[in-house]
2 protein chains.
Amino acid sequence: MTSATASGRAAEPEDTGRRLSSDERRAQIILAALTVFGARGYEGATTDEVARAAGVSQPYVVRLFGSKENLFLATIGFALDRLLGAFRAALAAPDEGGENPVGKRIGEAYVDLIEVRGLHQTLAHAYLLGSHPTIGVAARRGFAEVWRFFRDEMGLDADEARSFLAEGMLISTLIGLRIVDDYGSDPQITELFRACFPNKLPHVLEVLPRSEHRL
Amino acid sequence: MTSATASGRAAEPEDTGRRLSSDERRAQIILAALTVFGARGYEGATTDEVARAAGVSQPYVVRLFGSKENLFLATIGFALDRLLGAFRAALAAPDEGGENPVGKRIGEAYVDLIEVRGLHQTLAHAYLLGSHPTIGVAARRGFAEVWRFFRDEMGLDADEARSFLAEGMLISTLIGLRIVDDYGSDPQITELFRACFPNKLPHVLEVLPRSEHRL
DNA sequence: GTCTATACCGGGATAGAC
DNA sequence: GTCTATCCCGGTATAGAC
């Protein structure tokens, strides 16, 4: 609508003048899509906003992914890969003599993913679209993969896995709610926030406000 | 688009021919809105679909609520009232000699709200819209109210309240995911579902599939 | 590989009759 | 209290040039 540098920036990368390969562009656009879908949801997001956030034109986004729906599917696919990748890395990391057991490491890895803007929110949005003919299927498949990770790779029993998943869903919810915006202003909220991010509070407080989505 | 009885039905009430008061209509429309917003999200839902589900015309829905945004705000307000109402009733219910302690009663009350179609999903959608200027504010306020209920009325400590909330978020997620659609077909999913609805499984399995949202 | 121009449609909102 | 007709904007997708 206005100039290209107006507002939509999100994951806008260093603009080296060089022409990128379409794979590089895809990756770049997916990063941008994560922030936009995360903030607005699947239907609320526009391909134009994604395009501006990525620094390309709207038709090009459609051209590269075929459709908005495909872009969303690619985006949640990427998010799930990152998520499971982070979990596997945390699982493989050294224990440091009981100082940080697996559970704690995985939990922290989950929270650390807030650095990938929009990742948690986009996944949460996808999980709510179970009725959608294609997205619903992909979302269920992804969710089941996470469950499998907890049960088979991490070796939790069903109850432990459930609690883990539950804490994760709460964290995602709080991020999507942007409850961080009220942190400090309302004692209830402050307490709630503290209870949910017992460790890493300062880090979370530093990263989250940065992801401004009021574009 | 086609005839009124085509497909959009959801909470369509007994059609007594009589003219309703606008308050009755509002209530009726909110019920319908719950199912549509729940299935499609705020942006994905259309006022037309809500209208058809309620058996009225699209402009009338807008007329009664002023805007789609207002309709959504009214809808989540209603959902929160029902939620807290159900919690308070469960809190006040008799203990039956340790047979069903408060925690269990509240948990079951939460699950029972699946009978109000779309309630959990709509709230979950609202919670993800923290970036929205008006919806975000309302969602945070509602979430904080629930937290207050757990802490002040129910008397939980911060950690207990957090766990409670977490389990609730997981339940909402599973409902939105419509994981019930895969129950029985995939052993992983079956196990996950069982772990999350330890009691009341038959009831849940009976109610959820009914809420078909592929309209 | 990427853009501009544009077709096309769906959806929220308004006007106004009954 | 409720409808029909309609306006108009915004958003996806396509055509086609560079």
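Residues numbered from 1 in each chain as written. Chains lettered and ligands numbered in written order. Predicted model: local features only at pLDDT ≥ 70, side-chain atom pairs only at ≥ 80, totals over all residues. Heavy atoms only, no water.

As annotated in an unreviewed UniProt entry, chain A is TetR/AcrR family transcriptional regulator from Microbacterium capsulatum.

Undergrad: Please clarify how the overall build of chain A should be interpreted in this entry.
TA: A count of helices and strands for chain A gives 10 helices and zero strands. Ordered by position from N to C terminus, the α and β elements of chain A give α-α-α-α-α-α-α-α-α-α. Sorting the 215 residues of chain A into buried and exposed places 48% on the buried side. Excluding contacts between residues fewer than 6 apart, the proportion of contacts in chain A whose partners are at least 24 apart in sequence is 63%. Surface exposure of chain A reaches about 9500 Å², of which carbon and sulfur atoms provide 51%. (Helix = DSSP H or I, 4+ residues; strand = E, 2+ residues; numbered from the N terminus. Buried < 20%, exposed > 50% of the residue type's maximum accessible area, 1.4 Å probe, protein only. Contact = heavy atoms within 4.5 Å. Areas by Shrake-Rupley, 256 points an atom, 1.4 Å probe, with all protein chains shown as cover.)

Undergrad: Just checking my understanding: could you explain the protein's contact with DNA strand D for this structure?
TA: Around DNA strand D, 18 residues are found, and the nearest of them are A:Thr47, A:Lys68, B:Arg25, B:Ser57 and B:Tyr60. A share of 62% of the atoms of DNA strand D within 4 Å of the protein falls on sugar and phosphate groups. One nitrogen or oxygen atom from the main chain of B:Ser22 is found 3.3 Å from a phosphate oxygen belonging to DNA strand D. B:Arg25 places a side-chain nitrogen or oxygen 3.1 Å from a phosphate oxygen of DNA strand D. Its residues assigned to classes, the surface near DNA strand D comprises six nonpolar, six polar and six charged. (Near = heavy atom within 4 Å. Polar contact = N/O pair within 3.5 Å; in protein donor to acceptor, adjacent residues only side chain to side chain. Nonpolar A, V, L, I, M, F, W, Y, C, P; charged D, E, K, R; others polar.)

Undergrad: Can you walk me through the UniProt feature "DNA-binding region" (unreviewed entry) in chain A in this structure?
TA: When the UniProt feature table is mapped to this numbering, "DNA-binding region" (unreviewed entry) covers residues 46–65 of chain A. Taken as a whole, residues 46–65 of chain A contains 80% helix and 0% strand, while its terminal C-alpha atoms sit 14 Å from one another. (UniProt positions renumbered as here; feature names shortened; annotations may be inferred.)

Undergrad: Before we go on, may I ask you to explain the relation of the copies chain B and chain A in this structure?
TA: Here two copies of a chain appear, and what relates them is a rotation about an axis with a shift along it. Superposing chain B onto chain A takes a rotation of 180° plus a shift of 0.0 Å along the axis, which leaves an RMSD of 0.0 Å. The symmetry that links the two subunits is that of a two-fold axis. In terms of proximity to the rotation axis, the leading residue of chain B is B:Ala166, whose C-alpha is 2.4 Å off the axis. Both copies share a contact surface, since 100% of the interface residues of chain B are interface residues in chain A too. (Least-squares fit on C-alpha atoms with pLDDT ≥ 70 in both.)

Undergrad: I'm lost on the interface of chain B and chain A in this one. Help?
TA: The extent of an interface is frequently quoted as the accessible surface area lost upon association of the parts. With 45 residues of chain B at the interface, the matching set in chain A holds 45 residues. With both sides pooled, the region where chain B packs onto chain A buries about 4100 Å², and carbon together with sulfur makes up 64% of that total. Taken as a group, B:Leu128, B:Arg140 and B:Leu177 account for 18% of the area that chain B buries against chain A, more than any other trio of residues on that side. Applying the counting rule to chain B against chain A returns six salt bridges. Note that B:Asp182 and A:Arg140 form a salt bridge whose closest N and O atoms lie 3.7 Å from each other. (Buried area = accessible area lost by both parts, 1.4 Å probe. Salt bridge = Lys/Arg side-chain N within 4 Å of Asp/Glu carboxyl O.)

Undergrad: Help me understand the pattern of salt bridges, please; the structure alone is not making it clear to me.
TA: It is possible for side chains of opposite charge to pair when their charged atoms get near one another. Going through the model one piece at a time under the given rule, you end up with 20 salt bridges over all chains. Among the ionic pairs, B:Glu153 bridges to B:Arg88, the shortest N-O distance being 2.7 Å. With B:Glu153 in helix H7 (residues 135–153) and B:Arg88 in helix H4 (residues 68–92), this pair connects stretches of sequence that are 65 residues apart. Overall, B:Glu153 belongs to the partly exposed group, its relative accessible area being 32%. Note on B:Arg88: relative accessible area 39%, which makes it partly exposed. Taken together, the shared-partner salt bridges connect A:Asp159, A:Arg162 and B:Glu167 into one network.

Undergrad: Even after reading the chapter, I still don't get the packing of helix H1 (residues 22–44) of chain B against helix H3 (residues 58–65) of chain B, so can you show me in this structure?
TA: The axes of two packed helices give the description: the angle between them and the distance between them. Residues and elements named next belong to chain B. Where H1 meets H3, the closest approach of the two axes is 11 Å, and the angle between their N-to-C directions is 110°. In terms of orientation, H1 and H3 fall into the roughly perpendicular class. In this structure, H1 meets H3 at a crossing whose hand is left-handed. Where H1 abuts H3, its residues Ser22, Arg25, Arg26, Ile29 and Ile30 lie against Tyr60, Val61, Leu64 and Phe65. When grouped by side-chain class, the residues that make up the contact of H1 with H3 number six nonpolar, one polar and two charged. (Axes fitted to C-alpha atoms, helices over the stretch in contact; angles between N-to-C directions. Parallel < 35°, antiparallel > 145°, perpendicular 65-115°, else oblique. Left-handed = near helix turned anticlockwise from the far one by under 90°.)

Undergrad: Would you mind going over unusual backbone geometry with me for this structure?
TA: Outside of glycine, negative phi angles account for most residues, and trans bonds account for most peptide bonds. Residues and elements named next belong to chain A. Non-glycine residue Glu96 carries a positive phi angle of around 55°. Secondary-structure assignment places Glu96 in the loop between helix H4 (68–92) and helix H5 (102–112). Glu96 sits in the exposed class, given a relative accessible area of 55%. At Lys200, a position not held by glycine, the phi torsion is positive, near 70°.

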